[in-house]
Amino acid sequence: MPNVTLSKKQREELFRTLKARFESNANRHLGLEWAKVQAKLEADAEKLWSLSEMERTGGEPDVVDRNKKTGEYIFYDCSAESPKSRRSLCYDREALDSRKENKPKGSATDMAAAMGIELFTEEQYRELQKLGAFDTKTSSWLLTPSKIRELGGALFCDRRFDTVFVYHNGAESYFAARGFRGSLRV
C-alpha cells in the first residue's frame, strides 16, 4: 500500500467534504452523529486515506450504516453513476492477463485492493439502491462468486426501469460505462 499519510490540509478538506455530504444526505444514516464518525476516522490514517481515494476517483463516499457488534461505520460509494475514474476496467488480474489485444488500463479487483476498499456484493448493491436511484446510465462490477469466476464469468449490476438487474459478462470484458463501487468499514 502506498503512503497513507494525508497532509493536514488534505485531511481538513476531506473532512469538510465528508461532513457536508453527511449532513445533506441524512436519510442514508439516520441516528448517526458526524462527530463520532469523524473521531473514528481521525484514529485510523489508513482508512482515512482509503476514503480520500474513494473521493478522488469520484465515488462520493458516505456513511450508510454502523455495525452494532463491532462499532464500525460502513461507507459506500454513493455517486449517482459508477465512479468515472474507475471505469473501463476488466474484472480481475486473471482477466486482464488473458487479454492479448486492446487491454484495459487495469482491473476492478486490483484497483479496489490498491485503494484499500472492497468491491460491492450483490447484497450491498441492493442496499444502496434502497437509498436512491444509482447507476441509471452506467453499471458496476460486483464481487463474483468463485464458481462463476472459475468458469470465466463475472457479475455486474445496474438500475433500469426502476429495477435493479444483475447480469454476467466474460471477466475480461470492459466498457466505458462500467466501473465498480466499493465499501469501507471504519
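Residues numbered from 1 in each chain as written. Predicted model: local features only at pLDDT ≥ 70, side-chain atom pairs only at ≥ 80, totals over all residues. Heavy atoms only, no water.

Caption draft 1: Inspection of the sheet that holds strand E1 (residues 61-66) at higher detail. On the basis of which strands lie adjacent, the open sheet formed by four strands has the order E1-E2-E8-E3 and antiparallel pairing. Of all the strands in the sheet, just E1 and strand E3 (118-119) have a single pairing partner and so form its edges. Alignment of E1 against strand E2 (residues 73-77), held across five bridges, turns out to be antiparallel. If you follow Arg66 over to E2, its bridge partner there is Tyr73. Where helix H2 (residues 34-42) meets the sheet, it contacts E1 and E2, and its direction lies at approximately 90° from that of E2. (Pairing = 2+ DSSP bridges. Helix = DSSP H or I, 4+ residues; strand = E, 2+ residues; numbered from the N terminus. Contact = heavy atoms within 4.5 Å. Axes fitted to C-alpha atoms, helices over the stretch in contact; angles between N-to-C directions.)

Caption draft 2: Looking closely at the pattern of salt bridges. For the coordinates displayed, the defined rule picks out 17 salt bridges. Among the ionic pairs, Arg185 bridges to Glu72, the shortest N-O distance being 3.9 Å. Here Arg185 is found in strand E8 (residues 182-185), whereas its partner Glu72 is found in the loop between E1 and E2, with 113 residues between them in sequence. Given a relative accessible area of 34%, Arg185 falls into the partly exposed group. Residue classification places Glu72 among the partly exposed residues on the basis of a relative accessible area of 23%. The closest approach of N and O atoms between Arg160 and Asp158, which form a salt bridge, is 3.6 Å. With relative accessibility at 5%, the residue Asp158 sits in the buried group. (Salt bridge = Lys/Arg side-chain N within 4 Å of Asp/Glu carboxyl O. Buried < 20%, exposed > 50% of the residue type's maximum accessible area, 1.4 Å probe, protein only.)

Caption draft 3: Looking closely at helix H5 (residues 108-115). Within the span of H5, buried status applies to Ala108, Ala112 and Met115. Looking down the long axis of H5, one finds its buried residues gathered within 65° of arc, a one-sided arrangement. Contacts made by the buried residues of H5 are with helix H3 (45-56), E3, strand E4 (139-141) and strand E7 (178-180). Within two residues after H5, Gly116 carries a phi angle of roughly 80°, on the positive side. (Arc of directions from axis to C-beta.)

Caption draft 4: Structural context of the packing of aromatic side chains. For the structure shown, the criterion picks out seven aromatic pairs. Centroid distance Phe22 to Trp34: 5.4 Å. Interplanar angle 55°. Geometry classified as tilted. Taken together, the positions of Phe22 in helix H1 (residues 8-24) and Trp34 in helix H2 put the pair twelve residues apart, joining distant regions of the chain. Exposure class is identical for Phe22 and Trp34. Each is buried. One aromatic cluster is present, built from ring pairs that chain together Tyr91, Trp141, Phe156, Phe165 and Tyr167. The ring of Phe180 has Arg86 sitting right over it, with the charged end atom 5.1 Å from the ring centre. (Phe/Tyr/Trp six-rings, centres within 6.5 Å; stacked < 30°, edge-to-face > 60°. Lys NZ or Arg CZ within 6 Å of the ring centre and 35° of its normal.)

Caption draft 5: Seen up close, the packing of H1 against H3. Taken N-terminus to C-terminus, the directions of H1 and H3 make an angle of 70°; their axes are 11 Å apart at the nearest point. With respect to their mutual orientation, H1 and H3 come out roughly perpendicular. In the packing of H1 onto H3, the handedness of the crossing is left-handed. Between H1 and H3, the contacting residues are Arg11, Leu14, Phe15, Thr17, Leu18 and Arg21 on the first element and Leu48, Leu51, Ser52 and Glu55 on the second. A per-class count over the contact of H1 with H3 returns five nonpolar, two polar and three charged. (Parallel < 35°, antiparallel > 145°, perpendicular 65-115°, else oblique. Left-handed = near helix turned anticlockwise from the far one by under 90°. Nonpolar A, V, L, I, M, F, W, Y, C, P; charged D, E, K, R; others polar.)

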